[in-house]
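An overview of the molecular structure
Below, each chain spelled out in residue letters.
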Amino acid sequence: MARFGIPAGRALPQRGPAPGFRFFLFALLSVLLMFLDRRGDWLERVRYGLQAAAYPLQLAVNSPSAAWRWTSSIFEARDKLQIENRALRTELRKLELATMRNAALERENAQLRGLKQALPPLTEKWLAGEVISVESSTLRQRLVINRGANHKVFKGQSVVASAGLLGQTLRVGPWSAEVILITDPEHAVPVQIVRNGLRTIAVGSGEADSISLPYLPIQSDVVVGDLLVTSGLGGVFPAGFPVATITEARRDTGSALAQVRAKPLAALDRDREVSFVWFKAAHTAAPATETPDPKAAASLGIAAQTAPPAPPPAVVAPVPAPATTAPARVDAPRTETR
Amino acid sequence: MNRDSEPRGLMLLSALVGLVLQVIPLPSLIAPVRPAFLILVVIYWSLMAPRAGGLTLAFISGLALDVFKGAVLGQYALTTSLVGYIAIRQHNLIRNKPPFEQMIFAGIVLFLWELLLLLIDGWAGQSVSGAMRWLHLPFSALSWFLVAGVLGRLHSSR
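The text that follows walks through the structure, step by step, so that each part is easy to find. (Residues numbered from 1 in each chain as written. Chains lettered and ligands numbered in written order. Predicted model: local features only at pLDDT ≥ 70, side-chain atom pairs only at ≥ 80, totals over all residues. Heavy atoms only, no water.)

Some points on the overall build of chain B
If you tally the helices and strands in chain B, you get 7 helices and 0 strands. Mapped in sequence order, the helices and strands of chain B form the string α-α-α-α-α-α-α. Expressed as a percentage of its 158 residues, the buried residues of chain B come to 56%. Sequence-distant contacts, at least 24 apart, represent 71% of the contacts inside chain B between residues at least 6 apart. Surface summary for chain B: the accessible area is close to 6,600 Å², and the carbon and sulfur share equals 72%. (Helix = DSSP H or I, 4+ residues; strand = E, 2+ residues; numbered from the N terminus. Buried < 20%, exposed > 50% of the residue type's maximum accessible area, 1.4 Å probe, protein only. Contact = heavy atoms within 4.5 Å. Areas by Shrake-Rupley, 256 points an atom, 1.4 Å probe, with all protein chains shown as cover.)

Things to note about the nonpolar core
Judged by nonpolar contacts, the single largest core of 42 residues is most densely connected at I43, W45, W113 and W144 of chain B. At the level of elements, helix 2 (43-74) of chain A together with helix 1 (8-23), helix 2 (37-48), helix 3 (54-69), helix 4 (75-89), helix 6 (99-123) and helix 7 (136-156) of chain B are the ones that each hand at least two residues to this core. Not counting residues within four places of it along the chain, the set of residues in contact with W113 of chain B comprises Q22, A36, I39, L65, Y76, T79, T80, V83 and H136 of chain B. (Core = buried A, V, L, I, M, F, W, Y, C linked by side-chain atoms within 4.5 Å.)

So, the sheet that holds strand 6 (residues 188-193) of chain A
Residues and elements named next belong to chain A. With respect to topology, 6 strands assemble into a closed barrel ordered 6-7-8-11-10-9, the strand pairing being antiparallel. Here the average twist between neighbouring strands, direction ignored, is 45°. With 6 bridges connecting them, strand 10 (residues 242-250) and strand 11 (residues 259-264) associate as antiparallel partners. Bridging across to strand 11, A249 finds its partner in V260. (Pairing = 2+ DSSP bridges. Axes fitted to C-alpha atoms, helices over the stretch in contact; angles between N-to-C directions.)

This is the structure we're talking about:
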């Protein structure tokens, strides 16, 4: 009866096991994979291999847009480049001024803290990488970057863009790394408001241009325009990296928590280049240490208000004094959610 | 007229193209309605060349999708194998039906595919979004005409 559908002359040689059996095997294999992936760590090796195998494919997927950007960059007009060059030069001068001021502040801060000399820079080195694939949906906000274990990139590494924090590496292959963005609904980053040192947790919303701060009580001191920096808790991100600015702080009577949203400083959906950052482990602001880094906050103060030549010390100061915060920090997020 | 010479090369190539089409970054406005091209390609080959290892193709395609977008490794491998299995099992029934009925079949199979993905997402503790994930289904089903048309032409011209 089943023969009806088969074109004439078509034999039906049974090759290999029947489809039912094969499906059973494949299904078993898939389920096994899922279990191992959820539980064991050893599947990391498999992931690593698969990531390596997928890399050429990812490049292929990315090639149309890469080719388009390449061609358009070739035909970019000369005066356009000149304009860009001028803009970059202005930017550089601005940054130079900021750094000059930064050095002075560092020294001043070291004196205030009773240190003999200023702290060394926090970042040990950084590595630029290019985005080769983007996944942007309400469920997942991920990037694939063309740098991997061969470039010493590791799992859980901070990734920044020009303007602010971007996310952290989630999976690392030999030549590529998957980055989970701070806007991914499964990502949370411990943050702090620069103005008053209030600590909380910023959770991704699934949209490329907003993160939410769901654990702020209704009476907490947060206003639109506040700058959020990483608080250094959680052991992944160092303290004092700019993350986002508050765009909305609504307080509904009847709800114990305020509805607060912030806009990431980094253009998560537009940046083509990102940087992986290595930190000096012994530094006070490095991840998993409990003292805030005033120097980073100082550089922030400048970054936040690029133009003014002399940021008032008040902007920089409110980061809590290091001596008192160490014990308080541990349970800080919990106290704030109450 | 020798349609029995199994078009392995064409299968692989079309799967690759399908994969690229399914994972290539799109603006977030149209990404939710992007048809599941790779799954359609898998359905096509499972129906038209069930002996050429359509199930293996399905499994490998699923694994490739897992690497690109899977929450847990094996999620897409399982669901896509299921799609391949159903299509292979029913190929005699569906193959010679008019394209419209084939489209309905593809739509039903894709619905099952998405349903199983949803279940696994839930099991894995993924945040499960609402209606958005179902949005592509009608577009995927309609794309059956495109996929079957193009592949059918390439297939028979060999």
